[in-house]
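Below are the chains, spelled out letter by letter.
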Amino acid sequence: MNDHVDAATDFDEFVAARSSRLLRTAYLLTHDHALAEDLLQTALTKAWFAWSRIEGEPEPYVRRILVNTYASWWRRRWNGERSHADLPETATQDDAADERHDLWAATARLPRRQRAVIVLRFAEDLSEAETARVLGISPGTVKSQTSKALAKLRIDPALANQTTEDRS
Amino acid sequence: MTSLDELRRTLEQHADDLHDAERHTRPAAVRGRVRTARRRRAGAVAVVAAAVLVVATGTTALVRGSADPEPAGPSLKDVSVPQRIEVLGTPYRLTGTERVAADGSIDTPAGGDDRFVTLVATGLGSGEATLWSDYWPIARVRGDQQLAAPAPAGDDLRVELDGAPRSARAEVAIYEPTGEPAPGVAADGVVFAERYDDRELVDARFATAGAEATVDVPADADDLTVSAYCHSETDNLWLHQSGTDGGFPCADLATVTPEALLRPQPGERTLGVYVTQGRNGARATGVDVTFGVALYRQAVAPTTVLGEDVRTVVDFNGRTWRLDEVLDSGPSEYEVDTSDGDVYLGVVYVRATEMLMTSPSAPEGGWGGFREGDGRQGPGTTYPGILFAGDRTVDLNLRGPDADTRLLVYRPE
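Enquirer: Any chance you could explain the overall build of chain B here in plain terms?
Expert: Counting its regular elements, chain B contains two helices and 31 strands. Counting over 413 residues, chain B shows a buried share of 50%. Sequence-distant contacts, at least 24 apart, represent 72% of the contacts inside chain B between residues at least 6 apart. When the accessible surface of chain B is summed, it comes to about 18600 Å², and 46% of that surface belongs to carbon and sulfur atoms.

Given below as C-alpha cells:
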C-alpha cells in the first residue's frame, strides 16, 4: 500500500511539475489547446498504469506515449479528412493566399506521422536516432518522413526557397 | 536566416504563446481518467481471466495446426481459422496466435508493421468480444459468429467481453504477408495494384537506372491519377517527369499511393519518368534503384452529398466498403442499421465551426474537435471509422450557423 501511495504522489508531482512541457509538445502536434489537453491526459493516463515499471526519467517515456498516441489514435480520428486547401468554397482568394503563407497552418496540413517527426526534430531538437526511438521506427523512416514533410512544406511559399541542403 | 530556422521559430513561438492554466488541476483530472479506465478494465478482467486456461489449449491447437496444408485451417476447438487470408488482394499467411492475458491485453510478438489479426471468440452466448487497439475498437465477434474480419494489428491490443458468460474464450490469429504481391504490375516486391479505393489501374511500368518508365495515356480519359514510385539506398536521387521542369526526391516517393503529384501533359499520349543523381544532375546509372509510374482512372463515380463529391467505394482497415445509405437527421442522433454487420461511417459537413461525434464504437465515447481558426468549415468529409455490429446510434453534435451534415453509411463489398 505504501508503495502505491508513493507512486501516486510521485506521479502527481510529475504531472504538476513536468506536464506543461508535454502540453507544448501536444499543442504543436494538435494545433488546438483543448485537443492538446485531451491528448496529454490520455497519455498520462496510459503512463499511470506503467508508472511502477518506468526506469529513469519518466518524461521521455510519457512523451513517447503522447507522440505515438497522437500518431495512431489521432491520425485515425481524422483519417481521410480533407484539408483546408481542398475547400476553396469556404475561403476567398486572399484568405487562401494568407494561409499558404502561414507556416503554422502549413504544418497543420501535414499527415500526423510527418507532423510528429517535424515537431520532434525541429521543436524538441531530437536527433534522427532519438526521434526514431520515440516513434518506434527506423532512422531511415525518420529521414524519409522528414524529407516528405519538408517537401510538402516546400510547396508552401513560406518555405519556397528551401534548398536541398536544408533537408539533410 | 534559413527556412528551417523559420520553421523552428514558428513552432517555438506558438508553443510559447500557450498558457497552461490547467497545470494544477491536471493531476486530479488524470486520476479521474485512471479510475474510469480501471473500472472498464475490471469489467473485462473477471470474464477474460476465467478463459485463459481454456484459451491456452486452443492456442496450442492453433499453432500446431498452422503447419497443416490448406484448405483446412487450425481450429480453436470447433473454430476453423484460415491458413491464408487476402487483404485487398495481398495474400497473408497465418503465423501464430496469441492468447488474452488476465487483464484482457494481448502481448503480440515483434513483427512487421503490415500484420493483420483476426479475433477468434467462442462461447459468447448473447454477448460479444471486442478487440481494441489503443483506444479504438478494431474488430468484434458477436454471439456464435466466432471469427471477426481481419484488422490491421495496431498497438496495445486487448479484448473486452461484454455480456458473455465466464466460459467464453478469445484469442487472436496473427497473419503476415506471404511476400506475394497483390494483382497488378510488380517489380522488386513493389506493386501498382489493380485497384485502389475507387480507382482502377490503366497502365504501369517500372524501369532500370538510366532508362525511362513510360505509360500510355488513354485519349478519352480526363479522370486520371498518376502514381509514381521511387526507392533507393543511394542518396539524393530525384525522379522527374519527362517534358516538365522540377522533380521529386526519391525519398518522397517510397510508397505506392495514387497521389496527384504528376499529371499527363496536355496533348501527350505518353507519360514517362526517369531518375537523376541530384536535383539537376545527369540520369542516374549504375545505381540500385526501383522506380516506376502508373495511371489510375476513376472506376466508380463519386456520389454528390451536400454539394461535395464523396467516394462511393473506399478501402479501410483491409476491407472494401461501398456507400449504401446517406442519412439525414440534421445535427442530431442517427440510427444506423448494423443488423447485417459492421458499417464504415463517413460524415459530410458544411458551415460547421465545431463537430463532436459520439457512438459506442468511438474511443471513450466520442471524438471531434476543430482545426485552428474560428472560420466555418466545409463542405468537407471525414471518415471516423467503423461502427460495429450491435452499435446502432451515432450522435453528431454540430455547431455553427446554418451548419448541416449527412452521415454516410458504407457496407462491406
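Alright, that's what it looks like, and here's the rest.
Enquirer: Explain the packing of aromatic side chains to me, please; I cannot follow it from the model alone.
Expert: For any pair of aromatic rings, the description consists of the separation of the ring centres together with the inter-plane angle of the planes. Residue and element names in this part refer to chain B. A complete count under the given rule lists seven aromatic pairs over all chains for this structure. Judged by centre distance (5.2 Å) and plane angle (70°), the ring pair of Tyr92 and Phe116 falls under edge-to-face. One end of the pair, Tyr92, is in strand S4 (residues 90-99); the other, Phe116, is in strand S5 (residues 116-122), with 24 residues separating them in the sequence. When sorted by exposure, Tyr92 lands in the same class as Phe116, which is buried.

Enquirer: It is not clear to me how the side chain of B:Thr405 should be interpreted in this structure. Could you clarify?
Expert: Secondary-structure assignment places B:Thr405 in strand S31 (residues 404-412). Overall, the relative accessible area of 0% leaves B:Thr405 in the buried class.

Enquirer: Just to check I follow, could you spell out a negative patch on the surface for this structure?
Expert: Residue and element names in this part refer to chain B. Residues Asp188, Glu233, Asp235 and Asp288 make up a contiguous surface patch of negative charge. Its place among the elements puts Glu233 in the loop between strand S16 (224-232) and strand S17 (237-241). Here Glu233 falls in the exposed class, since its relative accessible area comes to 70%.

Enquirer: Would you mind going over the environment of B:Phe388 with me for this structure?
Expert: All names here are of chain B. Following the sequence through the fold, Phe388 ends up in the loop between strand S29 (380-387) and strand S30 (393-399). The buried category is assigned to Phe388, whose relative accessible area is 1%. In the structure, Phe388 is positioned 249 residues away from Ala139 in sequence and 7.6 Å away in space, judged by C-alpha atoms. Those residues in contact with Phe388 that sit more than four places away from it in its chain are Pro137, Ile138, Ala139, Arg140, Thr338, Asp342 and Ser361.

Enquirer: Explain the environment of A:Ala26 to me, please; I cannot follow it from the model alone.
Expert: Tracing the backbone shows A:Ala26 in helix H1 (residues 2-30). In this view, A:Ala26 contacts A:Ala36, A:Leu39 and A:Leu66; residues no more than four positions away in its chain are not counted.

Enquirer: Whenever I open this one, unusual backbone geometry confuses me. Can you help?
Expert: Note: most residues except glycine have negative phi, and most peptide bonds are trans. At A:His31, a position not held by glycine, the phi torsion is positive, near 65°. Assignment of secondary structure puts A:His31 in the loop between H1 and helix H2 (33-49). In this structure, B:Asn317 is a non-glycine residue whose phi angle is positive, near 55°. Within the element layout of this structure, B:Asn317 appears in the loop between strand S23 (313-316) and strand S24 (319-327).

Enquirer: Honestly, the sheet that holds strand S10 (residues 169-177) of chain B in this entry has me stumped. Any pointers?
Expert: Two pairing modes exist for strands in a sheet, parallel and antiparallel, and in both the strands are linked by backbone hydrogen bonds. Residues and elements named next belong to chain B. Overall, antiparallel pairing links the five strands, which are arranged S3-S4-S10-S5-S8 in an open sheet. Every interior strand has two partners, whereas the edge strands, strand S3 (84-87) and strand S8 (151-152), have only one. Two elements, S5 and S10, share seven bridges in a ladder whose sense is antiparallel. What sits directly across from Leu119, in S10, is Val172.

Enquirer: Help me understand the environment of A:Ile65 in this model?
Expert: Relative to the elements of secondary structure, A:Ile65 occurs in helix H3 (residues 58-77). Considering only alpha carbons, one finds A:Ile65 and A:Leu40, 25 residues apart in sequence, at a separation of 9.3 Å.

Enquirer: In this structure, what is going on with the nonpolar core? I would like to understand it.
Expert: One broad trend across soluble globular proteins is that nonpolar side chains are buried collectively. By size, the foremost hydrophobic cluster in this structure holds 49 residues, and its most contacted members are A:Leu29, A:Leu44, A:Leu66, A:Val67, A:Ile118 and B:Leu7. Top contributing element to this core by residue count: H1(A), with nine residues. Among residues more than four places away in sequence, those in contact with A:Leu44 are A:Phe11, A:Phe14, A:Val15, A:Ser19, A:Val62, B:Arg26 and B:Val30. Formed by 22 residues, the second largest nonpolar core is a distinct cluster that contains B:Ala213, B:Leu253, B:Leu262 and B:Val273.

Enquirer: Quick question: what am I supposed to make of the state of the cysteines here?
Expert: Formally, a disulfide is one covalent bond, and it connects the sulfur atom of one cysteine to the sulfur atom of another. All names here are of chain B. Following the criterion strictly, the structure yields one disulfide over all chains and no others. There is a disulfide in this structure between Cys230 and Cys250, and the S-S distance comes to 2.0 Å. Because the sign of the S-S torsion sets the handedness, a value of about 60° for the bond joining Cys230 and Cys250 places this disulfide among the right-handed ones. Of the two residues, Cys230 is situated in strand S16 and Cys250 in the loop between strand S18 (248-249) and strand S19 (270-277); the sequence distance between them amounts to 20 residues. For the pair Cys230 and Cys250, one class covers both residues: buried.

Enquirer: Mind showing me how you'd approach the side chain of B:Thr312 here?
Expert: All names here are of chain B. Residue position: Thr312 is located in the loop between strand S22 (308-310) and S23. At 2.6 Å, the side chain of Thr312 and the backbone oxygen of Ala301 are in polar contact. Apart from residues no more than four positions distant in its own chain, Thr312 is found in contact with Val300, Ala301, Pro302, Thr303, Trp321, Arg322, Leu323 and Tyr410.

What counts and what doesn't
Residues numbered from 1 in each chain as written. Chains lettered and ligands numbered in written order. Predicted model: local features only at pLDDT ≥ 70, side-chain atom pairs only at ≥ 80, totals over all residues. Heavy atoms only, no water. Helix = DSSP H or I, 4+ residues; strand = E, 2+ residues; numbered from the N terminus. Buried < 20%, exposed > 50% of the residue type's maximum accessible area, 1.4 Å probe, protein only. Contact = heavy atoms within 4.5 Å. Areas by Shrake-Rupley, 256 points an atom, 1.4 Å probe, with all protein chains shown as cover. Phe/Tyr/Trp six-rings, centres within 6.5 Å; stacked < 30°, edge-to-face > 60°. Patch = residues over 30% accessible without salt bridge, like charges linked within 9 Å, V, L, I, M, F, W, Y side chains within 5 Å. Salt bridge = Lys/Arg side-chain N within 4 Å of Asp/Glu carboxyl O. Lys, Arg positive; Asp, Glu negative; His and termini not counted. Charge placed at Lys NZ, Arg CZ, Asp CG, Glu CD. Pairing = 2+ DSSP bridges. Core = buried A, V, L, I, M, F, W, Y, C linked by side-chain atoms within 4.5 Å. Disulfide = S-S within 2.5 Å. Polar contact = N/O pair within 3.5 Å; in protein donor to acceptor, adjacent residues only side chain to side chain.

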